[in-house]
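One letter stands for each residue in the lines below.
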Amino acid sequence: MGIMTNFADKLELIIKTMYKTQGLKNSRIEVADALRGLAVIGIVIYHAVEHMNTSGPTPTLSFSWDNDFFHYLGVIVAGKAYGIFAILFGLSFFIQRDNQEQKGKDFSLRFLWRMFLLLIFGTINVAIFDGDILQAYAIIGVLLIPAGYLSNKWLWAITIFLLLQPLEIITYFTGWQVCGWDAAQWGVIGDAHINGSFWENCWVDLTVAPINNWVFYLLTGRATQTLGLFYLGLLFGRYRLFYNEGNNLKIWRIVFIVTLITTLVGNNIDLGFGAQRGEPSLSPILTPMMKAGQTLCYISGAVLMWYAFDWFKKAFKHICFFGRMSLTNYLMSSVLGSFIFYGWGLGMCLVLGTFWSFWVGVGIVVFQIIVLYQWDKHHQRGPLETLWRNLTWCW
C-alpha cells in the first residue's frame, strides 16, 4: 500500500510539473514566415552551388577564385539556413500543439501522423535529391511529442545538453564513434548523379542515400543539434519571443550581441586547433556550436530589424508567402536543381563552376517566387502545404 501511495505521489508531482498552455492566442508570426523564406532561399542557392551534392571533375566554366567564393558563401549560409529552418520547425510544433490544447485536445497522435506524412514527402524528395532533410526531420521530429509535456526547466536542460554536442564530446575523449564514413557509397551516389539515368538515380538515392545521410547527421553533429534546435524553437514559442511584447526585444538584443561576438571570433580562429600537435581536433565539437550561434545571430538580428524599422518590415514582407510555402519550395527546388545539374538532365555539374552555379541558384529562386506568387493570389497555402494539412486532419 505504501509503495502504491509513493508512486501516486510521484505521478501527481510529475503531472503538476508538466507544461500547460497559457491560453494566449497564437496569431500568425510574419517575421517567422519571412525568416523561413530567407532560409529556403539560402538552402536553394547553396544546393545549386554544391551541384545538388555532386562532385566530379573541374567544370569547364570555372574561375581560379571559385574555391574562395565557395568558402565564404559557406561561412554565410552553410548550416545556418538549416538551423533557422529547424528552430522554426519547433516553433510550428508549439503553435499547433498549443492551439489544440486550448481546445482541450491532445495533439500527440495527430502530430505523429503528420510526421509520417512528412516522411512520405521526404521519401519522394530523396528519390530526386539525395540531400533531403525531410526524412530526418520526420523521424527526429517525433521526439518533439514527449518534449511538449516537459516543464521549461527540464526542456532547457535537455536543449543545452544537445546543443553542446554530446556525441562529439564522447568521441573526442574516448575515440569512439557511433558509425564510420563509407567513401565508396558516396562515390556510388556521385556516379549516379553524373552518369545515371533518372531511374538509376532514383534507385541509388532510395537505397544508398538515406543511410549515408544518417551517417552524415551522426558524424557532423547535425543529429543532436537538429533536435536541440527543434526544442529551442519550442521554447521560443512558449516564451512568445517572436511577438513584440514584454521584454522580448531586450532579450533579442542580448542574444544578438552575444552571438555576434562569438560569430566574429569563431570565424577568425582555427577551430581545429590541437590537430597540428597530433591531438584530436576540437572542430567536430566547436563547428556545430558556432553554426548554432551564427543562426541565433541571424534570427535575433532579423527580429530586431523587423520591429525597429518599417522599411525592413515592408521589404521582407514580400517573401512571407515564400516562407509559408516552404515544403512546396523545397521539393520544387529539388526537381529543378536536379534537372539542371544531374546527368539525366542538362548535366551542368560538368559545365558550371561555383560562381555560375550561384546565379543558377538565384534563377531557381526567382522562378519559384514568380510562379508561387501567382498561386498565393488565389490560395491561402501552397499546394503541398494544402495537401499536407488536409491529410493531417483527414481523420
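You'll find the structure just up there.
What this report covers is the structure whose coordinates are included nearby. (Residues numbered from 1 in each chain as written. Predicted model: local features only at pLDDT ≥ 70, side-chain atom pairs only at ≥ 80, totals over all residues. Heavy atoms only, no water.)

A few points about the overall build of the protein
Counting its secondary structure elements, the protein contains 20 helices and zero strands. On C-alpha atoms alone, the protein measures out to a radius of gyration of 22 Å, which is about the 21 Å that the 2.2 N^0.38 rule sets for 395 residues. A buried classification covers 48% of the 395 residues belonging to the protein. Split by element, the accessible area of the protein, about 19,500 Å² in all, is 69% carbon and sulfur. (Helix = DSSP H or I, 4+ residues; strand = E, 2+ residues; numbered from the N terminus. Rg over C-alpha atoms; globule rule 2.2 N^0.38 Å. Buried < 20%, exposed > 50% of the residue type's maximum accessible area, 1.4 Å probe, protein only. Areas by Shrake-Rupley, 256 points an atom, 1.4 Å probe, with all protein chains shown as cover.)

Describing unusual backbone geometry
We note that His51 has phi near 55 degrees; this positive angle belongs to a residue other than glycine. With respect to the helices, strands and loops of the structure, His51 is situated in the loop between helix H2 (30-49) and helix H3 (66-77). A positive phi angle, near 65 degrees, is found at Asn53, a position not held by glycine. By secondary structure assignment, the location of Asn53 is in the loop between H2 and H3. Its relative accessible area of 31% is what places Asn53 among the partly exposed residues.

Description of the packing of aromatic side chains
Counting across every chain of the model gives 35 aromatic pairs. With centroids separated by 5.8 Å and ring planes inclined at 50 degrees, the aromatic side chains of Trp214 and Tyr217 adopt a geometry described as tilted. A residue pair is termed a helical-turn pair when its members lie 3 or 4 positions apart in one helix, as Trp214 and Tyr217 do in helix H12 (residues 209-219) at three residues. Exposure remark for Tyr217: the relative accessible area of 5% places this residue in the buried category. An aromatic cluster is present here, built from Phe63, Trp65, Phe69, Phe355, Trp356, Phe358 and Trp359 joined pairwise through their rings. Sitting above the plane of the Tyr217 ring, Arg222 keeps its charged end 5.7 Å from the centroid. Against the face of Tyr19 rests Arg238, its NZ or CZ located 3.9 Å from the ring centre. (Phe/Tyr/Trp six-rings, centres within 6.5 Å; stacked < 30°, edge-to-face > 60°. Lys NZ or Arg CZ within 6 Å of the ring centre and 35° of its normal.)

Focus: the side chain of Ser333
Relative to the helices and strands, Ser333 is located in helix H18 (residues 326-341). Judged by relative accessible area, which is 5%, Ser333 ranks as buried. Residues within four places of Ser333 in sequence aside, it is in contact with Val44, Met52, Ser338, Ile364 and Gln368. (Contact = heavy atoms within 4.5 Å.)

What about helix H4 (residues 80-102)?
Over its 23 residues, H4 runs 33 Å from end to end, which matches the ideal 33 Å to within 8%, given 1.5 Å per residue. Counted residue by residue, H4 has 18 buried out of 23 residues, so it is predominantly covered. Positive backbone phi, approximately 80 degrees, marks Gly104, located one or two places after H4. (Expected span 1.5 Å × (residues − 1).)

Regarding the pattern of salt bridges
Under the definition given, this model contains six salt bridges. Put simply, Arg28 and Asp33 hold a salt bridge, and the shortest N to O gap is 2.9 Å. With relative accessibility at 58%, the residue Arg28 sits in the exposed group. Judged by relative accessible area, which is 2%, Asp33 ranks as buried. Between Glu245 and Arg240 there is a salt bridge, with its nearest N and O atoms 2.7 Å apart. Each member of the salt-bridge network shares a partner with another, and the members are Arg28, Asp33 and Arg36. (Salt bridge = Lys/Arg side-chain N within 4 Å of Asp/Glu carboxyl O.)

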